[in-house]
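A look at the structure
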Amino acid sequence: MALGHMAGSDSAGDKSARPGPLSRRQKAAIIVRLLASEGLKLPLTELSDDHQTELTEAVAQLRLVDRATIASVVEEFCEELEAVGIAFPGGLEGALSLLDGQLSPSASNRLRRLASGSSRADPWQRIAGLTAEVLLPVLEGESVEVGAVMLSKLSVAKSAELLGLLPGEKARRIAYAVSLTGNVAPETVLRIGQALAAQLDATPPKAFDSGPVERVGAILNYSASATRDAVLKGLEEEDKTFADEVKKAIFTFANIPARIDTRDIPKVLRVVDQTQLTVALAGATGPLQPAAEFILANMSQRMAQSLRDEMANLGKVKEKDAEEAMSAVVAAIREMEAAGEIFLVAEDDD
């Protein structure tokens, strides 16, 4: 940063500083000193160690500076700031943060590996931005000492979240080890961060956002009941454990009594199309009838009677029309759940 010229003199006989040419580093030191006198602390840690050292030496060398020189330095500094049109974060890590979500996973991982190899890159900045779900396997696989350093570098909220996800014994050991990290050298903390970042970057990106159980369950949610029953039967023959997990992930019209709170039925009725609801209730026979009765029992008697009259007027509903209407009701419930308007009740294991 070019900040103009200033004068400084520390001669014993001088009563005031005399003008003289100053380097860019000394001009920066004047700005830092002025801001510090106003209680403003600059994030100098973002500079490289060499730049921090040079700036500190410049501050140490300066003594007295006259007002005219200070005014000149500040004026030039303000002119440079006003001339700036746009600022970039600087460094690969900063660029990755700026482009987060816009790069492909493979390109992002490749660039992060390059950034982690830079001496200026702070690995803990990247680690701190990851979710507890991503960090938990790393924390579980590392030693207690490394875990203690990791929790010490994360925010209090995220550290508490991770600690709560660990088994009780390891959580207690790591919590105690945190008390022993007071004398850990900064170089050691940096090396630990670089090793953890490299480990995290080496994890191959997932092709799918959700697991196989969730994906199969979501597909079967919108499949015809005959198809769903046939697929589940085949899954049970191939892998009963996987089939049981898929059953838990499935939410169909028949699951409404077990998974929807009675207080949420009025909310669902406000968003479901009245005609589709009538067709779905009229077509809910046999094993599906309890779901229809559950819905009718948790609305006003007047509305329930009106729906029963409409169902009677429809007569017998075609199976295909009933399936489509029930799928529409289920889709509306799923959308409400995704929006946080209602919450599905978890089914207990058998």
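Per an unreviewed UniProt entry, the recorded name for the chain is Flagellar motor switch protein FliG, and the organism is Thioclava electrotropha. Note on the chain: under the UniProt heading Function (unreviewed entry), the record states "FliG is one of three proteins (FliG, FliN, FliM) that forms the rotor-mounted switch complex (C ring), located at the base of the basal body. This complex interacts with the CheY and CheZ chemotaxis proteins, in addition to contacting components of the motor that determine the direction of flagellar rotation." The record in UniProt for the chain states the following under Sequence similarities (unreviewed entry): "Belongs to the FliG family."

1. Examining the overall build of the chain
Assigned secondary structure in the chain consists of 20 helices and 0 strands. The burial tally for the chain puts 34% of its 350 residues in the buried class. Approximately 22,100 Å² of the chain is accessible, and the part contributed by carbon and sulfur atoms is 54%.

2. Details of the environment of I260
By the secondary structure assignment, I260 is in the loop between α15 (256-259) and α16 (265-271). Separated by 82 residues in sequence, I260 and I342 place their C-alpha atoms 8.5 Å apart. Discounting residues that sit within four places of it in the chain, I260 has contacts with F251, I265, F294, I333, I342, L344 and V345.

3. What to know about the pattern of salt bridges
In a structure, side chains of opposite charge can pair up when their charged atoms sit close to one another. Applying the stated criterion across every chain, the model contains 8 salt bridges. We note a salt bridge from R172 to E169, for which the minimum N-O separation is 3.0 Å. Highlighted residues: R172 and E169, both in helix α10 (residues 168-178), separated by 3 residues, approximately one helical turn. On the accessibility criterion, R172 (55% relative accessible area) is exposed. Under the relative-accessibility criterion, E169 is labelled partly exposed at 46%.

4. Quick word on helix α13 (residues 225-238)
Relative to the 20 Å expected for 14 residues at 1.5 Å per residue, α13 spans 20 Å between its end C-alpha atoms, a close match to the ideal helical length. By the burial criterion, the buried members of α13 are R228, L232 and L235. The arc enclosing the buried residues of α13, seen along the axis, measures out at 60°, which places them on a common side. Opposite the packed face of α13, turned more than 90 degrees from it, sit the exposed residues A226, A230, K233, E237 and E238. As for α13, its buried residues are in contact with α12 (212-221) and α14 (240-249).

5. Some details on the packing of helix α1 (residues 24-37) against helix α3 (residues 67-83)
Where α1 meets α3, the closest approach of the two axes is 10 Å, and the angle between their N-to-C directions is 95°. Put simply, α1 runs roughly perpendicular to α3. Between α1 and α3, the contacting residues are K27, I30, I31 and L34 on the first element and I70, V73, V74 and F77 on the second. Residues that form the contact of α1 with α3 fall into these classes: 7 nonpolar, no polar and 1 charged.

6. Thoughts on helix α17 (residues 274-283)
Because the α-helix completes a turn every 3.6 residues, residues three or four places apart line up on one side. Most of α17 sits out of view: 7 of its 10 residues are buried. Within the span of α17, buried status applies to L277, T278, V279, A280, L281, A282 and G283. On its buried face, α17 is in contact with α16, α18 (289-297), α19 (301-314) and α20 (319-338).

7. Some words on the nonpolar core
Grouped together as the largest cluster of nonpolar side chains are 34 residues, with contacts concentrated most on F253, I256, I260, L281, I295 and I333. Going through the elements one at a time, α16, α17, α18, α19 and α20 are the ones with two or more residues in this core. In terms of residue count, α20 provides more of this core than any other element does, 8 residues in total. Apart from residues no more than four positions distant in its own chain, I256 is found in contact with F251, I265, F294, I295, V329 and I333. One finds W124, L130, L154 and L196 within the second-largest nonpolar core, a separate group that totals 25 residues.

8. Some details on the environment of L307
By secondary structure assignment, the location of L307 is in helix α19. With residues near it in sequence (within four places) discarded, L307 still touches Q274, L277, T278, L281, L296 and M299.

9. With respect to the side chain of S159
When you line up the elements, S159 lands in helix α9 (residues 156-165). Side-chain polar atoms of S159 contact the backbone oxygen of L151, separated by 2.7 Å. Excluding anything up to four places from it in sequence, S159 contacts L151 and L154.

10. Quick word on the packing of helix α7 (residues 132-141) against α9
Where α7 meets α9, the axes come as close as 10 Å, and the angle between the chain directions of the two elements is 55°. With respect to their mutual orientation, α7 and α9 come out oblique. Both α7 and α9 take part in a crossing whose hand is right-handed. Within the contact between the two elements, α7 uses A132, L135, L136 and L139 and α9 uses K158, E161, L162 and L165. Residue composition of the contact of α7 with α9, by class: 6 nonpolar, no polar and 2 charged.

Parameters and conventions
- Residues numbered from 1 in each chain as written.
- Predicted model: local features only at pLDDT ≥ 70, side-chain atom pairs only at ≥ 80, totals over all residues.
- Heavy atoms only, no water.
- UniProt positions renumbered as here; feature names shortened; annotations may be inferred.
- Helix = DSSP H or I, 4+ residues; strand = E, 2+ residues; numbered from the N terminus.
- Buried < 20%, exposed > 50% of the residue type's maximum accessible area, 1.4 Å probe, protein only.
- Areas by Shrake-Rupley, 256 points an atom, 1.4 Å probe, with all protein chains shown as cover.
- Contact = heavy atoms within 4.5 Å.
- Salt bridge = Lys/Arg side-chain N within 4 Å of Asp/Glu carboxyl O.
- Expected span 1.5 Å × (residues − 1).
- Arc of directions from axis to C-beta.
- Axes fitted to C-alpha atoms, helices over the stretch in contact; angles between N-to-C directions.
- Parallel < 35°, antiparallel > 145°, perpendicular 65-115°, else oblique.
- Nonpolar A, V, L, I, M, F, W, Y, C, P; charged D, E, K, R; others polar.
- Core = buried A, V, L, I, M, F, W, Y, C linked by side-chain atoms within 4.5 Å.
- Polar contact = N/O pair within 3.5 Å; in protein donor to acceptor, adjacent residues only side chain to side chain.
- Left-handed = near helix turned anticlockwise from the far one by under 90°.

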